[in-house]
Amino acid sequence: MTPPRPATDIDALRAALLGHARTVIARDGVDGLTMRALAGEAGVAVGMSYKAFTSRDELLRELTWVSLRELAAGIEDWAVRPDGQLADRLMEFADLQAASDAPALVRHLSQLPGGEKILREAVEAGISRSWATGMQGFLRDRQCDGTVREDVDVEAFGFLLTAALHYVLVTDEPFSAPDRATLARYVAAVADQIGVTR
């Protein structure tokens, strides 16, 4: 008699597959993430992918939520750190978002039927705090410490900076994202406009 197979730890399998899904996305883009590609990357049978996630849509939803949570936590950590030059800190904000797979996943989901509903659910569930709120808090704190000019409307600048960066990262052609050096130049120009000259 064959001994019974050990039970699969579904939570551990899901976590491992989410990591492999990120590898596939980094290599092949969101469109390249199929259940077969995921299984191949993970070195498991395709059926194991379906044991963890009932569909590609469920996988993408979960990966998006995880990515948004991680990005929100990164932005919250970034916003409360008081050190650094204003232009460098603003560029860190851009780099956090550029390094995340959340913008690509959001872009992909927003183009799918029902995708907007999934993204709305993520916001309503509190999975992602407003990135603009994080930026506004950061600018307000920098205003208090004398780094940002007192006459700057930090609510407006925080919203506009975040919206512009989101647009750059989530928009497809013909509006491709600038290279990092160009983005750094843009960010430095904004910092020069709102920063206190010493």
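Residues numbered from 1 in each chain as written. Predicted model: local features only at pLDDT ≥ 70, side-chain atom pairs only at ≥ 80, totals over all residues. Heavy atoms only, no water.

## Things to note about the packing of aromatic side chains
- By the definition in use, this model includes two aromatic pairs.
- Of the aromatic side chains, those joined through ring pairs into one cluster are Trp78, Phe93 and Phe138.
- Sitting above the plane of the Trp65 ring, Arg61 keeps its charged end 4.7 Å from the centroid. (Phe/Tyr/Trp six-rings, centres within 6.5 Å; stacked < 30°, edge-to-face > 60°. Lys NZ or Arg CZ within 6 Å of the ring centre and 35° of its normal.)

## With respect to the pattern of salt bridges
- One pass over the full model with this rule turns up 13 salt bridges.
- In this structure, the salt-bridge partner of Glu58 is Arg14, at a minimum N-O distance of 3.2 Å. Placement of Glu58 in helix α4 (residues 56–80) and of Arg14 in helix α1 (residues 10–28) is noted, with a sequence separation of 44 residues between them.
- Between Arg22 and Glu70 there is a salt bridge whose closest N-O contact spans 2.5 Å. Highlighted residues: Arg22 in helix α1 and Glu70 in helix α4, separated in sequence by 48 residues.
- Overall, Arg22 belongs to the partly exposed group, its relative accessible area being 25%.
- Each of Arg81, Asp83, Arg89 and Glu92 takes part in one network of salt bridges that share partners. (Salt bridge = Lys/Arg side-chain N within 4 Å of Asp/Glu carboxyl O. Helix = DSSP H or I, 4+ residues; strand = E, 2+ residues; numbered from the N terminus. Buried < 20%, exposed > 50% of the residue type's maximum accessible area, 1.4 Å probe, protein only.)

## Description of the packing of α1 against α4
- Packing of α1 against α4 leaves a shortest axis separation of 11 Å and a crossing angle of 85°. As far as their axial angle goes, α4 and α1 are roughly perpendicular. Counted together, Arg14, Leu18, Ala21, Arg22 and Ile25 of α1 and Glu58, Leu59, Glu62, Leu63, Val66, Ser67 and Glu70 of α4 form the full contact between these two elements.
- Residues belonging to the contact of α1 with α4 are distributed by class as follows: six nonpolar, one polar and five charged. (Axes fitted to C-alpha atoms, helices over the stretch in contact; angles between N-to-C directions. Parallel < 35°, antiparallel > 145°, perpendicular 65-115°, else oblique. Contact = heavy atoms within 4.5 Å. Nonpolar A, V, L, I, M, F, W, Y, C, P; charged D, E, K, R; others polar.)

## Re helix α7 (residues 115–124)
- Along α7, the residues that are buried comprise Gly115, Ile118, Leu119 and Ala122. All buried residues of α7 project into a common sector of 95° when viewed along the axis, lining one side. For α7, the exposed residues set more than 90 degrees away from the buried face come down to Glu116, Lys117 and Glu124.
- In this structure, the buried residues of α7 make contact with α4 and α6 (102–110).
- Among the residues trailing α7, Gly126 stands out with phi positive, at a value near 80°. (Arc of directions from axis to C-beta.)

## Let's talk about the nonpolar core
- By size, the foremost hydrophobic cluster in this structure holds 31 residues, and its most contacted members are Leu90, Met135, Phe138 and Leu139.
- Mapped onto this core, the elements with two or more residues apiece are α4, α5 (86–99), α6, α7, α8 (131–144), α9 (154–170) and α10 (180–194).
- Other than its neighbours up to four places away in sequence, Met135 contacts Trp78, Leu90, Phe93, Gly158, Leu161 and Thr162.
- If you look at the next biggest cluster of nonpolar residues, it comprises 17 residues, including Leu17, Leu18, Leu33 and Leu59. (Core = buried A, V, L, I, M, F, W, Y, C linked by side-chain atoms within 4.5 Å.)

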